[in-house]
Amino acid sequence: MEESIFIELVNKVLINTAIIAVPILLPSLVTGILISLFQAVTQINEQTLTLVPKLFIMLFSYLVTGPWIIRFMINFSVEVINRIPEMGFSSNDLI
C-alpha cells in the first residue's frame, strides 16, 4: 500500500471519528457545565448529581442521532471497501 493512501485513510478515520462523537459528547458537555454552574450557585457538592442527567442526555442524543451515525458509518465503510483495489493488496498479502 502506498503511504499517501494510508495517510489519507487514517486522516479520514480520525475526522469521521470526531464527527460521530460530537453529537453525543457535546450535549453531555453542555449538561455537565450547566449542572456544575447549578452546584456552584447552590453550594451542593454532590458528585452523583451530574451522572444521571448526563446519562439521560447521552442516551437521548444517541436515540436522536443514531440513525444518522449508522448511515454515516455505512457510507464510510462502503467507500473504504470500494477503495481496496487502489491500495494494491493482492490475495497473497491477506494470508
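The structure we're discussing is the one just above.
A brief look at the structure comes next. All values derive from a computational prediction rather than experimental measurement. (Residues numbered from 1 in each chain as written. Predicted model: local features only at pLDDT ≥ 70, side-chain atom pairs only at ≥ 80, totals over all residues. Heavy atoms only, no water.)

Moving on to the overall build of the protein chain. Helix and strand counts for the protein chain stand at two helices and zero strands. The C-alpha atoms of the protein chain give 20 Å as radius of gyration, which overshoots the globular expectation for 95 residues (12 Å, by more than 25%). With the C-alpha coordinates of the protein chain rotated into their principal frame, the extents come out at 65 × 25 × 20 Å. Sequence separation of 24 or more characterises 74% of the internal contacts of the protein chain that already satisfy a separation of 6 or more. Surface exposure of the protein chain reaches about 7400 Å², of which carbon and sulfur atoms provide 72%. Mean positive and mean negative side-chain charge positions of the protein chain (4 and 7 charges, respectively) differ by 13 Å. (Helix = DSSP H or I, 4+ residues; strand = E, 2+ residues; numbered from the N terminus. Rg over C-alpha atoms; globule rule 2.2 N^0.38 Å. Contact = heavy atoms within 4.5 Å. Areas by Shrake-Rupley, 256 points an atom, 1.4 Å probe, with all protein chains shown as cover. Lys, Arg positive; Asp, Glu negative; His and termini not counted. Charge placed at Lys NZ, Arg CZ, Asp CG, Glu CD.)

Let us look at the packing of helix 1 (residues 3-42) against helix 2 (residues 51-82). Put simply, helix 1 and helix 2 touch, their axes get as near as 10 Å, and they point 170° apart. Classified by the angle between their axes, helix 1 and helix 2 sit roughly antiparallel to one another. The residue makeup of the contact of helix 1 with helix 2, split by class, is 18 nonpolar, six polar and three charged. (Axes fitted to C-alpha atoms, helices over the stretch in contact; angles between N-to-C directions. Parallel < 35°, antiparallel > 145°, perpendicular 65-115°, else oblique. Nonpolar A, V, L, I, M, F, W, Y, C, P; charged D, E, K, R; others polar.)

Another point: empty space enclosed by the protein. Under the criterion given, the structure shown has one cavity of 30 Å³ or more. Of the pockets and cavities examined, the largest cavity occupies roughly 30 Å³. Surrounding the largest cavity, Leu9, Lys12, Phe76, Glu79, Val80 and Arg83 form its lining. Elements that contribute at least two residues to the lining of the largest cavity include exactly helix 1 and helix 2. Here the element with the most residues in the lining of the largest cavity is helix 2; it accounts for three residues. (1 Å grid on protein atoms, 1.4 Å probe; cavity = no way out; pocket = protein on both sides within 12 Å on 5 of 7 lines; lining within 4 Å. Points joined across faces, edges and corners; volume = space filled by probe spheres on them.)

A few words now on the environment of glycine 66. Among the secondary structure elements, glycine 66 is positioned in helix 2. On the basis of relative accessibility, which here comes to 4%, the residue glycine 66 falls in the buried class. Between the C-alpha atoms of glycine 66 and isoleucine 33, which are 33 residues apart in sequence, the distance is 24 Å. (Buried < 20%, exposed > 50% of the residue type's maximum accessible area, 1.4 Å probe, protein only.)

Turning our eyes to something else, we now look at the side chain of serine 61. Its place among the elements puts serine 61 in helix 2. Dropping the residues within four chain positions of it, serine 61 is found in contact with Pro23, Ile24, Pro27 and Gly66.

Purely spatial values, then, with no claim about function.
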